[in-house]
Amino acid sequence: MKYDVIVVGAGHAGIEASLAAARMGAKTLMLTLNLDHVGQMSCNPAIGGIGKGHLVREMDALGGEMGLAIDETGIQFRFLNTRKGPAVRARRAQADKAAYRSRSKRVLETAANLAVRQGSVERVMVENGRICGVETQIGEIFEAETVILTTGTFLRGLVHVGLKNYAAGRAGDFAAMGLSEDLAKLGFRIGRLKTGTCPRLDSRTIDYGELEVQTGDEPPPTFSFRTKQISQSQIPCHLTRTNQRTHEIIRSGIDRSPMYSGLIQSRGPRYCPSVEDKVMRFSDKASHQIFLEPEGRDTVEIYPNGLSTSLPLDVQVAMVRSIEGLERAEIMRPGYAIEYDFSDPTQLFPSLETRLVHGLFFAGQLNGTTGYEEAGAQGLVAGINAVLRVRGQPPLILRRDEAYIGVMIDDLVTRGIGGEPYRMFTSRAEYRLILREDNADRRLGPIGERLGLLDARAGQRVRNKTMRVAAEIARLRATLIPANQNVNAQLAERESAPISQSTRALEMLKRPELSYGDVLEMASLAEPLDLDEAAELEIDIKYHGYVQRQSEAIERFRRLEETAIPDWLDFHRVRGLSTEVRERLSASRPHSLGQAARMPGITPAAVSILAVHIKAGRARATTD
């Protein structure tokens, strides 16, 4: 049977890629090693966080599935960084892992145009530099015009617990052993990375009595713009800490750590270190936070976030039991580290299609990223672009000023990962005040609607939101807040200067210490906006000058991005470029001056020389 799109893998990248392709009308096949582990959360049972929450909202705005999935299966929802600026505020939710997995499988199995099969892909079939299908471990052959690999940590995966190790894609799953070698033969640069996870604890053996309780927000914030409200009840998490005794135990067993004994050579994510790494690198710290997160409603397993480790099991037991509240805790599953293969993402086009094989796309941890959200966003883009390639249409390439997804993909294909797994942070985005969570639907909804991933109702919802915000701004501009004793008392409570005459509500909202809710209360107005609309209005008013400056910077950026580097340009024949710059540009073939400017080692002078050369070449072509 021949397909338009074959997706290899059923993790978060595979789910988004498969659903995007099928919903766009392509005949799609998903192949996975284990049909019972579709949508498995191999590490922490959570979606979102700083930077990551932005990716989920953007996926949802384009018509992706992750936001809907966590809204339906989440057990606790919170806003993070609420005391900081609007650019870095983000949602995070704890998931019921079993419910998330079950829902993902159900959505895939009931999707039109999508077949789901179990099988281990060992070879991609290539003819004349073009993909034509895949072959499984048992010799099954599936033909396709495009193939998307979303292999996660399964390529030659090796699990480490202490000085013991065994081949696995993750604990309990087989590794995929042949595909890496096949990709290397095709010319892909294959490297090795590492990640890890925490031991799982039995909730019945934890003493919560003296631990700090962390509850969810009320009302719980939704991830999906399509979710009206969260109806299920929330479950609390708890906070504890390591101590000096914990650190002594870790140091005493460090000689049996696979990382510190030299057994593991590959790099892990710097911003999500193991607990032994934290203890050894930050020896001045007396303790480290541990968040006890339930893995679901119908399980006693607890994920001790912050306790990722690959120490031997006996050391893990002693370490856990040295922590307050965990003195009698039982480990149900040990923590471990896993090494796996990845492919250098600079061998990709911004569409996530590979440069070496036409019609072959890579997404997720295969590209050197870490995290469910990063993987899902890449999967969505790869699924969309696979279908567009089948149709012979231009790919969807999101710019850095349009989406965090665009920032991530541009970072990967332009700069690579720099030797460690790539993780999304708000600090990676130059225009983060524009790329907020609250306006993701306004930025990307029209694209999702045009692609057929969102119906007309979603587009109308975005238009209605814009009209409601505009109407509320007009109302605030027309409303006067009286300069009376009651209003000035409220201003004093918020450490804001009193007013001596009636003042327009819109002007009051410009004060940084006053919220939208404060202004409505002083003006005796009802609140007509939802959470996202209110956030968008308040940010547009308070940060108008900053937004204007970023918009002007974006216009300058777009001019560079829109200057395409033509195929006829031979970098080796451009005078004024150094040998190193010529070699870097020839190897990567950036598609625009903007992308060239972001490449390591490419100076502003080199970009100027390219611009002059391109302009001169076009002038000669016009004259001819």
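Everything in this summary refers to the structure shown in the same document. From a predicted model like this one, the values you see are computed outputs, not experimental measurements.

1. Overview of the overall build of the protein chain
A count of helical and extended segments in the protein chain gives 20 helices and 22 strands. In terms of overall dimensions, the protein chain is globule-like: its C-alpha atoms have a radius of gyration of 26 Å, near the 25 Å expected for 624 residues. When the 624 residues of the protein chain are sorted by exposure, 56% land in the buried category. Computed over 81 positive and 78 negative side-chain charges, the inter-centroid distance for the protein chain is 4 Å.

2. Focus on helix H17 (residues 544-561)
Compared with the 26 Å implied by 1.5 Å per residue over 18 residues, the 25 Å span of H17 between its first and last C-alpha is a close match. Taken together, the buried residues of H17 touch helix H19 (593-598).

3. Focus on the pattern of salt bridges
The full count for this structure, using the stated rule, is 54 salt bridges. When the shortest N-O distance is used, the salt bridge between Arg389 and Glu353 registers 2.4 Å. One end of the pair, Arg389, is in helix H9 (residues 372-391); the other, Glu353, is in the loop between strand S19 (336-343) and strand S20 (360-362), and 36 residues separate them in sequence. For Arg389, a relative accessible area of 26% corresponds to the partly exposed category. Residue class for Glu353 comes out buried when judged on its relative accessible area of 8%. For the salt bridge of Glu555 with Arg558, the shortest nitrogen-to-oxygen distance reads 3.2 Å. In this pair, Glu555 and Arg558 both sit in helix H17, three residues apart, roughly one turn of the helix. Through salt bridges that share partners, Arg400, Asp410, Asp411, Arg415, Glu430, Glu561 and Arg598 make up one connected network.

4. Comments concerning the pairing of strand S10 (residues 158-161)
Look at any regular strand and the pattern is simple: side chains alternate between the two faces of the sheet. Bridge count between S10 and S19: three bridges; the pairing is antiparallel. Bridge pairing in S19 links Val159 to Ile338. Across four bridges, S10 lies against strand S11 (residues 164-167) in antiparallel orientation. The partner of His160 across the bridge, within S11, is Asn165. The antiparallel hairpin formed by S10 and S11 contains two residues in its connecting segment, where Gly162 sits at a positive phi of about 65 degrees.

5. What to know about the side chain of Glu295
Positionally, Glu295 belongs in the loop between strand S16 (289-294) and strand S17 (301-305). Polar side-chain contacts of Glu295 include one of 3.1 Å to the side chain of Arg200. Filtering out sequence-adjacent residues up to four positions away, Glu295 remains in contact with Cys43, Pro45, Ala95, Asp96, Lys97, Arg200, Glu301, Ile302 and Tyr303.

6. A look at the packing of aromatic side chains
Scanning all chains against the criterion turns up three aromatic pairs. The interplanar angle of 50 degrees and the centroid separation of 6.1 Å between the aromatic rings of Tyr543 and Tyr546 together place this pair among those described as tilted. The exposure class of Tyr543 is partly exposed, given its relative accessible area of 24%. Over the ring of Tyr3 we find Lys27, and its NZ or CZ is 5.7 Å from the ring centre. Here Arg428 stacks its cationic end above the ring of Tyr422, 4.1 Å away from the centre of that ring.

7. Considerations on helix H10 (residues 404-415)
Taking 1.5 Å of rise per residue, twelve residues should cover 16 Å, and H10 covers 16 Å from first to last C-alpha, within 8% of that figure. Where burial is concerned, most of H10 is hidden: eleven out of the twelve residues are buried. Here H10 has its buried residues at Tyr404, Ile405, Gly406, Val407, Met408, Ile409, Asp410, Asp411, Leu412, Val413 and Thr414. For H10, the elements touching its buried residues are helix H2 (52-62), H9 and H19. Gly416 occupies a position one or two residues after H10 and carries a positive phi of about 75 degrees.

8. Description of the environment of Thr110
Within the secondary structure layout, Thr110 lies in the loop between helix H4 (97-109) and strand S6 (114-118). Residue classification places Thr110 among the exposed positions, given a relative accessible area of 63%. Residues Thr110 and Ala440, 330 residues apart in the sequence, show an inter-C-alpha distance of 28 Å. A polar side-chain atom of Thr110 sits 3.4 Å from the main-chain carbonyl oxygen of Val107.

9. Details of the nonpolar core
Of all hydrophobic cores here, the largest spans 116 residues; its most connected members are Ile6, Leu149 and Ile405. Looking at this core element by element, the count peaks at ten residues for H9. In contact with Ile405, other than residues within four places in its own chain, are Leu55, Glu58, Met59, Leu62, Ala377, Val381 and Leu398. Counting residues in hydrophobic clusters, the runner-up holds 21 residues, among them Val487, Met508, Met522 and Leu537.

10. Things to note about the packing of H2 against H10
Running from N to C, H2 and H10 cross one another at 110 degrees; their axes reach a closest spacing of 9 Å. On the basis of their axis angle, the class for H2 and H10 is roughly perpendicular. Here H2 contributes His54, Leu55, Glu58, Met59 and Leu62 to the contact with H10, which in turn contributes Tyr404, Ile405 and Met408. Across the contact of H2 with H10, the residue classes tally to six nonpolar, one polar and one charged.

11. Details of the sheet that holds S17
Two strands in a sheet stick together by hydrogen bonds in their backbones, pointing the same way (parallel) or opposite ways (antiparallel). An order of S14-S15-S16-S17-S13-S18 is seen for the six strands of this open sheet, with the pairing classed as antiparallel. Looking at which strands have only one partner, the edges of the open sheet turn out to be strand S14 (212-214) and strand S18 (331-333). The sheet shows a mean angle of 35 degrees between the axes of neighbouring strands, direction not considered. Where S16 meets S17, four bridges bridge the pair, whose relative direction is antiparallel. Paired with Phe291 across the bridge in S17 is Asn305.

12. Things to note about the sheet that holds S10
Pairing is antiparallel across the open sheet formed by four strands, whose spatial order is S11-S10-S19-S12. The open sheet is flanked by S11 and strand S12 (190-197), the only strands paired with a single partner. Put simply, the sheet's adjacent strands are angled 25 degrees from each other on average, direction ignored. The pairing of S12 with S19 spans eight bridges and is classified as antiparallel. Its bridge partner lying in S19, Leu193 is registered against Tyr340.

13. Thoughts on the packing of helix H1 (residues 12-23) against H4
Remark: H1 packs on H4, axes separated minimally by 11 Å, with the N-to-C direction vectors making an angle of 25 degrees. The pairing of H1 with H4 is recorded here as roughly parallel in orientation. The handedness of the crossing between H1 and H4 comes out as left-handed. Contact residues: H1 offers His12, Ile15, Ser18, Leu19 and Arg23, while H4 offers Tyr100, Ser104, Val107 and Leu108.

Basis of the calculations
- Residues numbered from 1 in each chain as written.
- Predicted model: local features only at pLDDT ≥ 70, side-chain atom pairs only at ≥ 80, totals over all residues.
- Heavy atoms only, no water.
- Helix = DSSP H or I, 4+ residues; strand = E, 2+ residues; numbered from the N terminus.
- Rg over C-alpha atoms; globule rule 2.2 N^0.38 Å.
- Buried < 20%, exposed > 50% of the residue type's maximum accessible area, 1.4 Å probe, protein only.
- Lys, Arg positive; Asp, Glu negative; His and termini not counted.
- Charge placed at Lys NZ, Arg CZ, Asp CG, Glu CD.
- Expected span 1.5 Å × (residues − 1).
- Contact = heavy atoms within 4.5 Å.
- Salt bridge = Lys/Arg side-chain N within 4 Å of Asp/Glu carboxyl O.
- Pairing = 2+ DSSP bridges.
- Polar contact = N/O pair within 3.5 Å; in protein donor to acceptor, adjacent residues only side chain to side chain.
- Phe/Tyr/Trp six-rings, centres within 6.5 Å; stacked < 30°, edge-to-face > 60°.
- Lys NZ or Arg CZ within 6 Å of the ring centre and 35° of its normal.
- Core = buried A, V, L, I, M, F, W, Y, C linked by side-chain atoms within 4.5 Å.
- Axes fitted to C-alpha atoms, helices over the stretch in contact; angles between N-to-C directions.
- Parallel < 35°, antiparallel > 145°, perpendicular 65-115°, else oblique.
- Nonpolar A, V, L, I, M, F, W, Y, C, P; charged D, E, K, R; others polar.
- Left-handed = near helix turned anticlockwise from the far one by under 90°.

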